[in-house]
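Structural characterization, general
For reference, the chains in residue letters:
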Amino acid sequence: MPHLIIEYSGNLTDFDTSGALKALNQAVAASGQVADTLDIKARAVRQDTYFVGEPGEDQTRHGFVHVTLLLLAGRTPQAKLAISQSLMEVLQTLHYPPSLRVQFSVELRDMERETYGKAFRPASA
């Protein structure tokens, strides 16, 4: 816990996924809602098959970045809203091609504590 997933349109060819993940991770860590920052698992997924608007639209001019943050259930709506707003702010500060209209979205989802499992294997010496 938590899991942070960036999905972005394939036409954002110069999207700095490492920089985006770093900045978004820092925002989650700074929220005060994560006990151990080593618990944050983040990844970026490029979507090469997508439509923004109608399929007839010029897809070369429209892009998107969507962030999903999965958190264990139990946080207040206010805490989740604060994290969501922070993530949205980070998305809007990143670099995007000026020729593209880029849509940003953020979604927070609760994971059920009763069914979430986690384990790890320690590193060998």
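Use the structure listed above.
To keep things clear, this report deals only with the structure shown in the data block. Everything numeric in this text was worked out from a predicted model, so none of it was measured. (Residues numbered from 1 in each chain as written. Predicted model: local features only at pLDDT ≥ 70, side-chain atom pairs only at ≥ 80, totals over all residues. Heavy atoms only, no water.)

A closer look at the overall build of the protein
Let me state the cut-off plainly: Starting at the N terminus, helices and strands are each numbered in turn, a helix being any DSSP run of H or I of at least four residues and a strand any DSSP run of E of at least two. In this description, contact between two residues means that some pair of their heavy atoms is separated by no more than 4.5 Å.
When its secondary structure is counted, the protein shows 2 helices and 4 strands. Its helices and strands taken in sequence order, the protein reads β-α-β-β-α-β from the N to the C terminus. Dimensions of the protein along its principal axes, counting C-alpha atoms only, are 50 × 40 × 25 Å. For the protein, long-range pairs separated by at least 24 residues make up 77% of all intrachain contacts whose partners lie at least 6 apart in sequence.

Some remarks on helix α1 (residues 17-30)
The condition is simple: Between the first and last residue of a helix there are one fewer steps than residues, each counted as 1.5 Å, and that sum is the expected span. Exposure categories follow from relative accessible area, calculated using a 1.4 Å probe and restricted to protein chains: below 20% of the type maximum is buried, above 50% is exposed, and the middle band is partly exposed. The reported arc concerns the directions from the helix axis to the C-beta atoms and nothing else.
Look at α1: 20 Å from first C-alpha to last across 14 residues, which is about the 20 Å you get at 1.5 Å a residue. Taken together, the buried positions of α1 are Ala20, Leu21, Ala23, Leu24, Ala27 and Val28. In an axial view of α1, the angular spread of the buried residues amounts to 170°, which keeps them on one side of the axis. In α1, the exposed positions angled more than 90 degrees off the buried face are occupied by Ser18, Lys22 and Ala30. The inward-facing, buried residues of α1 abut β1 (3-9), β2 (41-47), β3 (62-72) and α2 (77-93).

A closer look at the packing of α1 against α2
Cut-off, in case you're wondering: In this description, a line fitted to the C-alpha atoms serves as the axis of each element, helices being fitted only across the stretch in contact, and the angle between N-to-C directions of two axes falls anywhere from 0 to 180 degrees. Working rule for angles: under 35 degrees goes down as roughly parallel, over 145 as roughly antiparallel, 65 to 115 as roughly perpendicular, anything else as oblique. Handedness of each helix crossing follows the sense of rotation of the near helix against the far helix: counterclockwise by less than a right angle gives left-handed, clockwise gives right-handed. Residues are grouped as follows: nonpolar covers Ala, Val, Leu, Ile, Met, Phe, Trp, Tyr, Cys and Pro; charged covers Asp, Glu, Lys and Arg; every other residue, Gly included, is treated as polar.
Viewed as axis vectors pointing N to C, α1 and α2 meet at an angle of 155°, and their least axial separation amounts to 9 Å. The angle between α1 and α2 falls in the class roughly antiparallel. Of the two elements, α1 crosses α2, and the hand of that crossing is right-handed. For the pair α1 and α2, the contacting residues are Ala23, Leu24, Ala27 and Val28 in the first and Ser86, Leu87, Val90 and Leu91 in the second. Its residues placed into classes, the contact of α1 with α2 shows 7 nonpolar, 1 polar and no charged.

Here's the deal with the pairing of β1
What counts here: A pair of strands counts as paired when DSSP detects no fewer than two bridges linking them.
Taken across its 7 residues, β1 has 6 buried, putting it largely inside the fold. Taken together, the 7 bridges between β1 and β2 define a ladder with parallel strand orientation. Bridging from a neighbouring strand, Ile6 pairs with Ala44 of β2. Bridge analysis of β1 against β3 gives 6 bridges, and the strand direction is antiparallel. In the strand pairing of β3, Leu4 is matched with Leu69.

Digging into the side chain of Ser9
Convention followed: Think of a polar contact as two N or O atoms within 3.5 Å of one another; within protein, one of them needs to be a possible hydrogen donor and the other a possible acceptor, and neighboring residues in sequence only count if both atoms come from side chains.
Along the chain, the position of Ser9 falls in strand β1. Among the residues examined, Ser9 registers a relative accessible area of 0% and is labelled buried. At 3.0 Å, the side chain of Ser9 forms a polar contact with the backbone nitrogen of Phe64. Non-local contacts of Ser9, meaning those with residues more than four positions away in its chain, are made with Gln47, Tyr50, Gly63 and Phe64.

Looking at the nonpolar core
In a soluble, globular protein the nonpolar side chains are often hidden away together inside. Selection rule: Among buried residues, the Ala, Val, Leu, Ile, Met, Phe, Trp, Tyr and Cys ones that are joined through side-chain atoms within 4.5 Å form a nonpolar core.
Ranked by size, the top nonpolar core spans 30 residues in total, and within it Leu4, Ile6, Val65 and Leu87 carry the most contacts. Listing elements by their share of this core, those giving two or more residues are β1, α1, β3, α2 and β4 (101-111). Each residue touching Val65, except ones within four places of it in the same chain, is listed here: Ile6, Glu7, Tyr8, Leu12, Phe15, Leu91, Tyr96, Val102, Gln103, Phe104 and Ser105.

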